[in-house]
Protein chains: 2
Amino acid sequence: MRYHHGDLRRALLCAAEEVLEREGPAALSLRELARVIGVSHNAPYRHFADREALLAAVAADGFRRLATGLAAADAAAPPGERLQATGRAYLDFARTHRALYLLMFGPGLRKSAHAELRDAARAAFDVLRDVVASAGIPPGPRARHGAIGAWALVHGLAHLTADGQIAEDLGADGHAMLIADVLESYATGLCATAG
Amino acid sequence: MRYHHGDLRRALLCAAEEVLEREGPAALSLRELARVIGVSHNAPYRHFADREALLAAVAADGFRRLATGLAAADAAAPPGERLQATGRAYLDFARTHRALYLLMFGPGLRKSAHAELRDAARAAFDVLRDVVASAGIPPGPRARHGAIGAWALVHGLAHLTADGQIAEDLGADGHAMLIADVLESYATGLCATAG
DNA sequence: ACCTGAACACCGTTCAAGT
DNA sequence: ACCTGAACACCGTTCAAGT
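Residues numbered from 1 in each chain as written. Chains lettered and ligands numbered in written order. Predicted model: local features only at pLDDT ≥ 70, side-chain atom pairs only at ≥ 80, totals over all residues. Heavy atoms only, no water.

Colleague: Please clarify how the relation of the copies chain B and chain A should be interpreted in this entry.
Modeller: Two copies of the chain are present, and they differ by a rotation about an axis and a shift along that axis. Taken as rigid bodies, chain B and chain A are interconverted by a rotation of 180 degrees and an axial shift of 0.0 Å, the fit giving an RMSD of 0.0 Å. The symmetry that links the two subunits is that of a two-fold axis. Looking at the interface residues of chain B, 100% of them are also at the interface in chain A, so both copies use one shared face. (Least-squares fit on C-alpha atoms with pLDDT ≥ 70 in both. Contact = heavy atoms within 4.5 Å.)

Okay, structure coming up:
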């Protein structure tokens, strides 16, 4: 006993991600987490107000890691390919953490009710905003719309893929070409309409 | 008693949509539907294999209505604005049927396991594909990617909005301008890169 | 502070009957 | 065929205790 030396909170978040990737977002129950860790079924309430608060903490962590990944891809990309590289990193995250991604953008997690989650999501978006801004579009509503559009585009691709609507008939190469084509179209249009 | 004259199935789907818009996708339980209609808690199993099958039927109906709405907007639009008009219709659907939209694209509804749902979703996408094809892009992988990109773009905007990530600080006018800008950028880029 | 067992009101799903 | 009540194994959440 006494498996957790005061870090039950960390143990819960860790177990949550494990269960999440193994069984999907819907199967994530507080009681199962408690069972996995080896504490009583209501011990989690010492650290989280309710189930949604725990899910929000997991999702916020996901957004933080997403932001880190986007920033790294952006920093490593040659100047002309920053949007492409960052978009690819976004899609990679969604593909390699499918269940986490679905949780982060799933219903039943009201961003407005969880400040930490809202801030983490905003920080991830800010990385994309900066990348788009660096494409040479003068600041203003057009630039802001351009950044939101870029986010919507990569998010739409990632979400439709995670949802199984896209790429069932595409191979891995086909999927990469799809992403390249779509991002190129958008970047081209963005620069053209911004002039 | 005998509220349903052999159309318990229809009564279930009808009640499901009502509960859905009122309480969100997560709260949709078979037992509550049975209670609302006034039958025993397991009567639904006469018409649906399980909870997911009922949700799939509701979602399939949503995709059929979405396809109808997209086709109507496309048909009513002047030649040069078909993509804009269809995209707006897509976003309108997501806004006016928020919970249904979240169900249609939510996790826990495996399209592969429900042929009716998969076909309905594909039919809705086919409308978008035709609109993009009519923009004068020669058939081929580029046109197919262009159609998927258009879907991803409007879906991303709709989903981020439904998720509360966008437009909290935008008014209704600002949202309309956002949509117009983003769709214009994409359409411009699509034609430019296809040449 | 942190954890426990018991309890309450819910679920989805199954099954043996009833008409 | 279609519906019923009882039952099983789960949930989230609360509460009165225990250390």
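Colleague: So what exactly am I meant to see when it comes to the layout of surface pockets here?
Modeller: The gaps of empty space that remain are located by a probe, the size of a water molecule, rolled over the atoms. Its boundaries defined by the atoms lining it, the largest pocket holds a volume of some 920 Å³. Contributions of two or more residues to the lining of the largest pocket are made by α3 (51-76) and α5 (98-104) of chain A together with α3 (51-76) and α5 (98-104) of chain B. Among the elements that line the lining of the largest pocket, the one with the most residues is α5 of chain B, at 4 residues. (1 Å grid on protein atoms, 1.4 Å probe; cavity = no way out; pocket = protein on both sides within 12 Å on 5 of 7 lines; lining within 4 Å. Points joined across faces, edges and corners; volume = space filled by probe spheres on them. Helix = DSSP H or I, 4+ residues; strand = E, 2+ residues; numbered from the N terminus.)

Colleague: Looking at this structure, I do not really get the domain arrangement of chain A. What am I missing?
Modeller: How big an interface is tends to be reported as the loss of accessible area on association of its parts. Residue and element names in this part refer to chain A. You can read the domains of chain A as domain 1 (1-48) and domain 2 (59-194). Using C-alpha coordinates to define each centre, domain 1 is positioned 30 Å away from domain 2. Taken residue by residue, the interface counts 5 residues in domain 1 and 8 residues in domain 2. Put simply, domain 1 and domain 2 have 1 salt bridge between them. Notably, a salt bridge pairs glutamate 17 with arginine 65, separated by 2.6 Å at the nearest N-O pair. Applying the counting criterion to the domain 1 and domain 2 interface returns 2 residue pairs in polar contact (both at pLDDT 80 or more). Its residues placed into classes, the side of domain 1 that touches domain 2 shows 2 nonpolar, 1 polar and 2 charged. (Domains from an automatic or database assignment. Salt bridge = Lys/Arg side-chain N within 4 Å of Asp/Glu carboxyl O. Polar contact = N/O pair within 3.5 Å; in protein donor to acceptor, adjacent residues only side chain to side chain. Nonpolar A, V, L, I, M, F, W, Y, C, P; charged D, E, K, R; others polar.)

Colleague: What is the right way to read the interface of chain B and chain A from this model?
Modeller: If you look at the interface, chain B gives 37 residues, while chain A gives 37 residues. The junction of chain B with chain A conceals about 3300 Å² of combined surface from both sides, 67% of it contributed by carbon and sulfur atoms. Two residues, lysine 111 of chain A and aspartate 163 of chain B, come together in a salt bridge whose shortest N-O distance is 2.8 Å. On the surface where chain B and chain A come into contact, there are 9 residue pairs in polar contact (both at pLDDT 80 or more). At the level of secondary structure, the elements contributing two or more residues to the side of chain B that touches chain A comprise α5, α7 (141-162) and α8 (172-194) of chain B. Among the elements that make up the side of chain B that touches chain A, the one with the highest residue count is α8 of chain B (13 residues). Among the residues making up the side of chain B that touches chain A, the classes are represented as 20 nonpolar, 12 polar and 5 charged. (Buried area = accessible area lost by both parts, 1.4 Å probe.)

Colleague: Before we go on, may I ask you to explain empty space enclosed by the protein in this structure?
Modeller: One pass over the structure, following the stated rule, counts 2 cavities of 30 Å³ or more. Here the largest cavity defines a volume of roughly 70 Å³. Forming the walls of the largest cavity are 11 residues, and the residues nearest its centre are Arg142, Gly146, Leu190 and Thr193 of chain A together with Ser185 of chain B. Mapped onto the lining of the largest cavity, the elements with two or more residues apiece are α7 (141-162) and α8 (172-194) of chain A together with α8 of chain B. Ranked by the residues each element gives to the lining of the largest cavity, the list is headed by α8 of chain A, at 4 residues. Partitioning the lining of the largest cavity into residue classes produces 5 nonpolar, 4 polar and 2 charged. Of the pockets and cavities examined, the second largest cavity occupies roughly 60 Å³. Secondary-structure elements contributing two or more residues to the lining of the second largest cavity are α8 of chain A together with α7 and α8 of chain B.

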